[in-house]
Amino acid sequence: MTKTKAIENCTSCNVRLVEAGFTRFPCPTCGETIARCVKCRKQAIRYICPNCGYEGP
Amino acid sequence: MNGSEDENSDGKMLISNDRYLSAGIHIGTQQKTEQMLRYIYKVRSDGLYLIDIQKTDEKIRDAAKFLARYDPSKILLVSTRQYGQKPIVIFAKSTGAKAIPGRFVPGTLTNPDLSCYQEPDVLIATDPYADQNAVREANIIGIPVVALCDTNNVLSNVDLAIPTNNKGKGSLAFVYCLLARSLLAEKGIETFDYAISDFEAGGELM
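Sequence order as written defines the numbering, with residues in each chain counted from 1. Chain letters start at A and ligand numbers start at 1, both assigned in the order the entries are written. This being a predicted model, a pLDDT of at least 70 is required before a residue's local features are given, and a value of 80 or more before pairs of side-chain atoms are given or counted; all residues contribute to the totals for chains, interfaces and linings. Side-chain metrics rest on all non-hydrogen atoms present in the structure, leaving aside hydrogens and water.

Per an unreviewed UniProt entry, chain A goes by DUF1610 domain-containing protein and derives from Candidatus Methanolliviera hydrocarbonicum.

Structure representation (structure tokens):
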């Protein structure tokens, strides 16, 4: 698996990643780690890469 | 498909606009969701929503870059949809990924006691609604989900959406072919010996 930096908080809502079901993945454009908590994933809340400004999903 | 001959003249898009249009990638549905609004170009007089091809092209390139960061054997493709089954098998064959065409056995990602248990690092779903079991299990184990989304799809539990027509035979073959080609190109492999017709459903699964 690609090494992703272990960031502790959700990129969208900044909540601490403690509940099972969160994910971390590299930004498609710059490779910076993006983390999404369960709620943000479920509600399809937009994330923005802190490094390059890439928007998803 | 030869990479250079299909390259658009300005070099910005993976393939020319006309090729996208002829494959029917832009054809959406008569329903739209809030989350897919930003990928919709316009609504036709008969109520059909059309997808913005520029954004589709952009997202295919982003998805290829994203998938190139993973080990190909750790990429899992699923398709319950009939027309997506052959494309995912050929995609898996050309890139070294794994594919589950047809029924997704519940527990494939979560139950280690099953013989078909797998531990992928990323999931590619052909339709997040039809493949909702796989998407839900990917959500439970915390792996990112890439999905081909039509105008009527909800982006719940999807981490990277590729806006496209995910119902047509031609469009699914086209998208998977482009994605496979771009993925290999990102890895530095320029030769791609498959044509779009190889991806198209209709013949026997290989």
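Every helix listed is a DSSP run of H or I at least four residues long, and every strand listed is a run of E at least two residues long, numbered separately from the N terminus. When helices and strands are counted, chain B shows six helices and seven strands. Helices and strands in chain B line up, N terminus first, as α-β-β-α-β-α-β-β-α-β-β-α-α. Atoms counted for the radius of gyration: C-alpha only. Globule rule: 2.2 Å times the number of residues to the power 0.38. Taking 2.2 N^0.38 as the reference for a compact globule, 206 residues should give roughly 17 Å; the C-alpha atoms of chain B span a radius of gyration of 16 Å, in line with that estimate. Looking at chain B residue by residue over its 206 residues, the buried ones come to 55%. Exposure categories follow from relative accessible area, calculated using a 1.4 Å probe and restricted to protein chains: below 20% of the type maximum is buried, above 50% is exposed, and the middle band is partly exposed.

Two faces belong to every sheet, and in a regular strand the side chains alternate between them. All names here are of chain A. Both strand β1 (residues 23–26) and strand β2 (residues 33–36) contribute to a ladder of four bridges, which runs antiparallel. Within β2, the residue paired with F25 across the bridge is I34. At least two DSSP bridges between two strands are required for those strands to pair. Hairpin connection from β1 to β2: six residues lie between these consecutive antiparallel strands, with G31 at a positive phi of about 90°.

Moving on, we come to the pairing of strand β6 (residues 145–149) of chain B. Residue and element names in this part refer to chain B. A large share of β6 lies buried, amounting to five of its five residues. The alternating pattern of β6 places V145, A147 and C149 and V146 and L148 on opposite faces, both of which are buried. Sheet topology places strand β5 (residues 122–125) next to β6; three bridges connect them, and they run parallel. Each residue of the ladder has a partner; that of L123, found in β6, is V145. In terms of handedness, the path from β5 via helix α4 (residues 132–141) over to β6 forms a crossover that is right-handed. A crossover gets the label right-handed when its path from the first strand over the helix to the second runs clockwise, viewed with the strands pointing away from the viewer.

In this assembly, 23 residues from chain A lie in contact with 24 residues from chain B. The buried area of a pairing is the accessible area, by a 1.4 Å probe, that goes missing from both parts when the two are put together, added over both. Overall, the association of chain A and chain B removes approximately 1900 Å² of surface from exposure, summing both partners, and the carbon and sulfur fraction of that is 44%. Whenever a carboxyl oxygen of Asp or Glu lies within 4 Å of a side-chain nitrogen of Lys or Arg, that contact is scored as a salt bridge. Viewed at the interface, chain B and chain A are joined by two salt bridges. Throughout this description, a polar contact denotes any pair of N or O atoms lying within 3.5 Å of each other; where both atoms belong to protein, one of them has to be capable of donating a hydrogen while the other can accept it, and for residues adjacent in sequence the pair is counted only when both atoms sit in side chains. In this assembly, chain A and chain B are joined by 14 residue pairs in polar contact (both at pLDDT 80 or more). At the level of secondary structure, the elements contributing two or more residues to the side of chain A that touches chain B comprise β1, α1 (38–42) and β4 (55–56) of chain A. Looking at which element gives the most residues to the side of chain A that touches chain B, the answer is β1 of chain A, with three residues. The classification used treats Ala, Val, Leu, Ile, Met, Phe, Trp, Tyr, Cys and Pro as nonpolar, Asp, Glu, Lys and Arg as charged, and all other residues, Gly among them, as polar. Tallied by class, residues from the side of chain A that touches chain B come to eleven nonpolar, seven polar and five charged. Contacts are residue-level and defined by heavy atoms, with any inter-residue pair within 4.5 Å sufficient.

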